[in-house]
Amino acid sequence: MKNDPTDDILEKDKHLIHSFADLDSLKDPASRTVIAEANGAYVYNAVGDRFIDGMAGLWCVNVGHGRKEIIDAISQQLSTLDYFSTFYNLTHPLAAELASKITSLAPAHINHVYFSNSGSVANDTAVRILHHYYNRLGQNQKKLILSRIGAYHGSTHLAIAMTTPGYRKGWDSADDLVRFLSSPQPYRRPDNMSSEEFCDFLIDELVRDIEKIGAERIACFIAEPIMGAGGVIVPPEGYHQRVEQVCRQYEIKTISDEVVTAFGRLGHMFASEAVFGLTPDVITTAKGLSSGYQPIAATLVSDEIHEVISKEGEQFMHGMTYSGHPACCAAALANIELMESESLLQQVQHNGPKFMQTMQSLSALNIVGDVRGSHFMVGIEFVQNLDTKQAFDEDVKIGMRVSLKAQERGLMIRPLGHMIVLSPPLILTLEQITEIGDVLKQSIEAVQAELVTEGLV
Ligand SMILES: Cc1ncc(COP(=O)(O)O)c(C=O)c1O
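About the cut-offs
- Residues numbered from 1 in each chain as written.
- Predicted model: local features only at pLDDT ≥ 70, side-chain atom pairs only at ≥ 80, totals over all residues.
- Pairing = 2+ DSSP bridges.
- Helix = DSSP H or I, 4+ residues; strand = E, 2+ residues; numbered from the N terminus.
- Buried ≥ 20, exposed ≤ 12 C-beta atoms within 10 Å, placed from the backbone.
- Axes fitted to C-alpha atoms, helices over the stretch in contact; angles between N-to-C directions.
- Contact = placed C-beta atoms within 7 Å.
- Domains from an automatic or database assignment.
- Near = placed C-beta within 6 Å.
- Nonpolar A, V, L, I, M, F, W, Y, C, P; charged D, E, K, R; others polar.
- Expected span 1.5 Å × (residues − 1).

## Remarks on the sheet that holds strand E13 (residues 411-412)
The four strands lie next to each other as E1-E2-E3-E13, forming an open sheet whose pairing is mixed. Strands with a single pairing partner mark the edges of an open sheet, and in this sheet they are strand E1 (37-39) and E13.

Written out as structure tokens, the structure reads:
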């Protein structure tokens, strides 16, 4: 019989502080899951049980696990140049190569990039750059950031302040820099509003808030094209373009947080322009940039911003030791090369709608209120009553229950309160898509049956 290392791993794991976790409940080792190996669209626990990775790690392993091309590129780079910095006047071949490559894939007005190692820091960097940009223009009052309820922009002090308040119960944040607008969540819009009226309402609110605060105090508006961790929210048709128009009119910069949506998840390298017709001033990205093989993120800025911040006189006073780390750049370049050589974008454009369609077929189930998303980014919201959209009580832990049932059936998905979220590797085959659909159907039906017994539906 194979030796089971799980207990030993979990004993050592008690020293690890887990992210976004109920640390008290994790004191019970049985509540923790070990993932020890991965390959393609699959991950394995410590005894070799196989699961489809319905989360691509954490919205990131876009090209799938265990890709030799990326692993070799990292290893080769480490033996050529393990580390050197991009501080001051220094550079190295792969930082230059990746900067050139990534800006060639971005919208035409964006030709400059700053590298960091997480989406949170990419977003902090975006705001720091914009504050500096306005300082240089003598507009020192322009500091405030407009964000939205439901947004997730990261977990550093500034990024969490831009993230929906629900993410920081009991924790402090730099609240005075941020103002929140309503979530553009069509499923939860007021009953008497059409989608068009809802969009009008959101834009009216934006204009009203800008007028109230004063545009001279607002630096930027930050938004994910499709909100991810906030519940896979696809805003009403035309919303992003109208927001951009208003921001232009009031001279407010726009940051498109493409930490999740870039590098193929919606079928394009960047979704802002290709999917939503936007020309943001700044785009941030991470995750799919290296498919998670190395921690690398990027803040891309427009030529106009770069022109201002690179004028003679002051310095770019922002830096991280591992900005443009050679091994991270190697991973990102090899990842992009794989995406291109395997025509992954075209594959997503073809298979993404099929994934969405398979997920949408789950709408027929009694507790499924809404299935939303696009391509390989899907959220399923459960409700106690389809007509009233009444949510389950928090203690029912509906998302967690469905996700545990799916895990028993060989599928890893992310529970998110009263939802489950899927963002699998983009290399899924049609057979794997069908399998995910079947497993989810059985899992939701199994939970439904329990809820009937418990008198909850
Ligand atoms: C849209 C978005 N922005 C920013 C972040 C933060 O990225 P990181 O966890 O790499 O700091 C995330 C992480 O999930 C995200 O989904």
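## Brief notes about the pairing of strand E10 (residues 297-302)
Of all six residues in E10, six are buried; the element is thus mostly enclosed. Here E10 shows a buried face lined by Ala297, Thr299 and Val301 and a second buried face lined by Ala298, Leu300 and Ser302. Both strand E4 (residues 110-116) and E10 contribute to a ladder of six bridges, which runs antiparallel. By the bridge assignment for E10, Val113 is matched with Leu300. Direction of pairing for strand E9 (residues 282-285) relative to E10: antiparallel, over a ladder of four bridges. Of the residues in E10, the one forming a bridge with Ile283 is Leu300.

## Some thoughts on the sheet that holds strand E11 (residues 368-374)
A sheet is described by the order of its strands in space; here four strands give the open sequence E11-E12-E15-E14, paired in antiparallel fashion. On the outer flanks of this sheet lie E11 and strand E14 (414-416), each paired with one strand and no other. The sheet shows a mean angle of 20 degrees between the axes of neighbouring strands, direction not considered. Across four bridges, strand E12 (residues 377-382) lies against strand E15 (residues 419-422) in antiparallel orientation. When the bridges of E15 are listed, Ile380 appears paired with Ile420. The strands touched by helix H12 (residues 344-360) are E11 and E12; relative to E11, the strand with the most contacts, the crossing angle is about 175 degrees. Packed on one face of the sheet, helix H13 (residues 398-408) meets E12, E14 and E15 and runs near 165 degrees to E14.

## With respect to the domain arrangement of the protein chain
Interface size is commonly expressed as the accessible area that is lost once the parts come together. Splitting the protein chain by domain gives domain 1 (33-63 + 345-453) and domain 2 (69-341). Between the C-alpha centres of domain 1 and domain 2 there is a distance of 27 Å. Counting residues at the interface gives 25 residues for domain 1, matched by 21 residues for domain 2. Where the side of domain 1 that touches domain 2 is concerned, the elements lending two or more residues are helix H2 (56-59), H12, E11, E12 and E15.

## Concerning the site of the ligand
Around the ligand lies a shell of 15 residues, among which Ser118, Gly119, Ser120, Gly154 and Val259 are the nearest. At three residues, the largest contribution of residues to the shell around the ligand is made by helix H5 (residues 119-136). When the residues that make up the shell around the ligand are grouped by side-chain class, the tally is five nonpolar, eight polar and two charged.

## Focus: H5
The terminal C-alpha atoms of H5, which comprises 18 residues, lie 26 Å apart, in line with the 26 Å expected from a rise of 1.5 Å per residue. Following H5 by one or two positions, Gly138 has its phi on the positive side, about 80 degrees.

## Some points on unusual backbone geometry
The residue Tyr88 is not glycine, and still its phi comes out positive at about 55 degrees. With respect to the helices, strands and loops of the structure, Tyr88 is situated in the loop between helix H3 (68-80) and helix H4 (93-105). We note that His375 has phi near 50 degrees; this positive angle belongs to a residue other than glycine. Its place among the elements puts His375 in the loop between E11 and E12.

## Brief notes about H13
Taken together, the buried positions of H13 are occupied by Ile398, Gly399, Arg401, Val402, Ser403, Lys405 and Ala406. Against the buried residues of H13 lie E12, E13, E14, E15 and helix H14 (430-453). At the C-terminal side of H13, Gly410 shows a positive phi close to 90 degrees.

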